[in-house]
Amino acid sequence: MTDFITRFAPSPTGPLHLGHAYSALLAHDMARAAGGKYLLRIEDIDRTRSRPEWEEQIYDDLTWLGITWDEAPTRQSDRLSVYKKTLRALWGRGLLFPCSCTRRDITAAASAPQEGTEPAFGPDGLIYPGTCRARTDRSQSFPEGEALRLDMQDALSTANQSEFCYTEQSSGQDETLCSPARNFVQEVGDIVLSRRDFLGSYHLSVVLDDAAQGISHVVRGKDIQPATQIHVLLQNLLGLPTPIYHHHRLIRDENGKRLAKRDDARAIATYRAEGRTPDDIRRMVGL
Ligand code: GLU
């Protein structure tokens, strides 16, 4: 067994489609070729969208595809206490602030003062214009039940690095990709680390979970690659290792559009019902 440990981390918010099949199979093939481990993580922190029946369907589809995982699957909804502990620690370091701005407030503030200019988008969505940043006294106790944002400027001062780098392996060889720290405030902004409707956020849980599961290689789609610089910054702030990343090509429909959860026509379950085989799926995704 080598030290290659990877994972597939689907959100149980809809049926797995061909894009998921490609991602799951590619990571599985890589783990098996390396004599490493393949883990499964159910990313269900968003309780408003996750459903147990979709989780069941994930196990069913992956098993049908011939995928096996080497440990019991983990569920993000079982790890809320870890996320909370981390948020409390970041709060204690003065790096978070509560934010009650609505999307509309943020859009309005981001468009002003140059009326008519389009608000800027970064890897975490609309770039936050700082509306609530100075509003709360950060020496007060941890705010429960509020959205929490990372103060990007303070986070960068704490990290004290001129750039955030990781190793990308998708071209078959190692490539070091770096994002300069000076771009983060303008191009990423004060990202959300905990939501009002559920504890934690994608960025926070993904870095904590990859570290807890000892993931050495993250295999995921190129659509998530813009977020990787955020993950490297968070790993730095939290003292966690940075895995090697492999951002793979995306499976697209005949119009060149990336497949979405609602593309039921390309759901693995639909192909199964039509009598296709796992080998047909492999061929369809070019494996
Ligand atoms: N849960 C994410 C998704 O389904 C995957 C996140 C990741 O692989 O880092 O798109």
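See above for the structure.
Residues numbered from 1 in each chain as written. Predicted model: local features only at pLDDT ≥ 70, side-chain atom pairs only at ≥ 80, totals over all residues. Heavy atoms only, no water.

## A closer look at the packing of helix α5 (residues 152-159) against helix α8 (residues 225-238)
Packed helix pairs are specified by the crossing angle of their axes together with the interaxial distance, meaning the distance between the axes.
Here is step 1: Where α5 meets α8, the closest approach of the two axes is 10 Å, and the angle between their N-to-C directions is 60°. Between α5 and α8, the angle falls in the class oblique. When the axes of α5 and α8 are compared, the crossing they make is left-handed. Of the residues in α8, those touching α5 at M152, A155, L156, T158 and A159 are L233, N236 and L237.
Here is step 2: Grouping the amino acids of the contact of α5 with α8 by side-chain chemistry returns six nonpolar, two polar and no charged. (Axes fitted to C-alpha atoms, helices over the stretch in contact; angles between N-to-C directions. Helix = DSSP H or I, 4+ residues; strand = E, 2+ residues; numbered from the N terminus. Parallel < 35°, antiparallel > 145°, perpendicular 65-115°, else oblique. Left-handed = near helix turned anticlockwise from the far one by under 90°. Contact = heavy atoms within 4.5 Å. Nonpolar A, V, L, I, M, F, W, Y, C, P; charged D, E, K, R; others polar.)

## Some thoughts on the packing of aromatic side chains
Here is step 1: Inspection of every chain in the model, using the stated rule, returns five aromatic pairs.
Here is step 2: On the basis of an interplanar angle of 90° and a centroid distance of 6.4 Å, the ring pair of W91 and F142 is categorised as edge-to-face. One end of the pair, W91, is in helix α3 (residues 80-92); the other, F142, is in the loop between β6 (125-126) and β7 (148-150), and 51 residues separate them in sequence. Accessibility classification places W91 together with F142 in one group, the buried group.
Here is step 3: When the ring of Y166 is compared with that of Y245, the centres are 5.3 Å apart and the planes differ by 75°; the resulting orientation is edge-to-face. (Phe/Tyr/Trp six-rings, centres within 6.5 Å; stacked < 30°, edge-to-face > 60°. Buried < 20%, exposed > 50% of the residue type's maximum accessible area, 1.4 Å probe, protein only.)

## Overview of the sheet that holds β7
Here is step 1: Strand order in the open sheet formed by three strands is β4-β7-β10, and the pairing between neighbours is antiparallel. Two strands close off the open sheet at either side, each with one partner strand: β4 (96-98) and β10 (192-194). Strand-to-strand twist of the sheet, defined as the mean angle between neighbouring strand axes without regard to direction, takes the value 40°.
Here is step 2: Bridge count for β4 against β7 is three bridges, and the pairing is antiparallel. (Pairing = 2+ DSSP bridges.)

## Regarding the sheet that holds strand β3 (residues 74-75)
Here is step 1: Here three strands make up an open sheet; going across it, the order is β1-β2-β3 and the pairing parallel. The sheet terminates laterally at β1 (5-8) and β3, the two strands that pair on one side only.
Here is step 2: Where β1 lies against strand β2 (residues 37-42), four bridges are found, and the strand directions are parallel. When the sheet's bridge partners are listed, F8 is paired in β2 with L40.
Here is step 3: Each of β1, β2 and β3 touches helix α2 (residues 52-64); the most contacted strand, β2, lies at about 155° to it.

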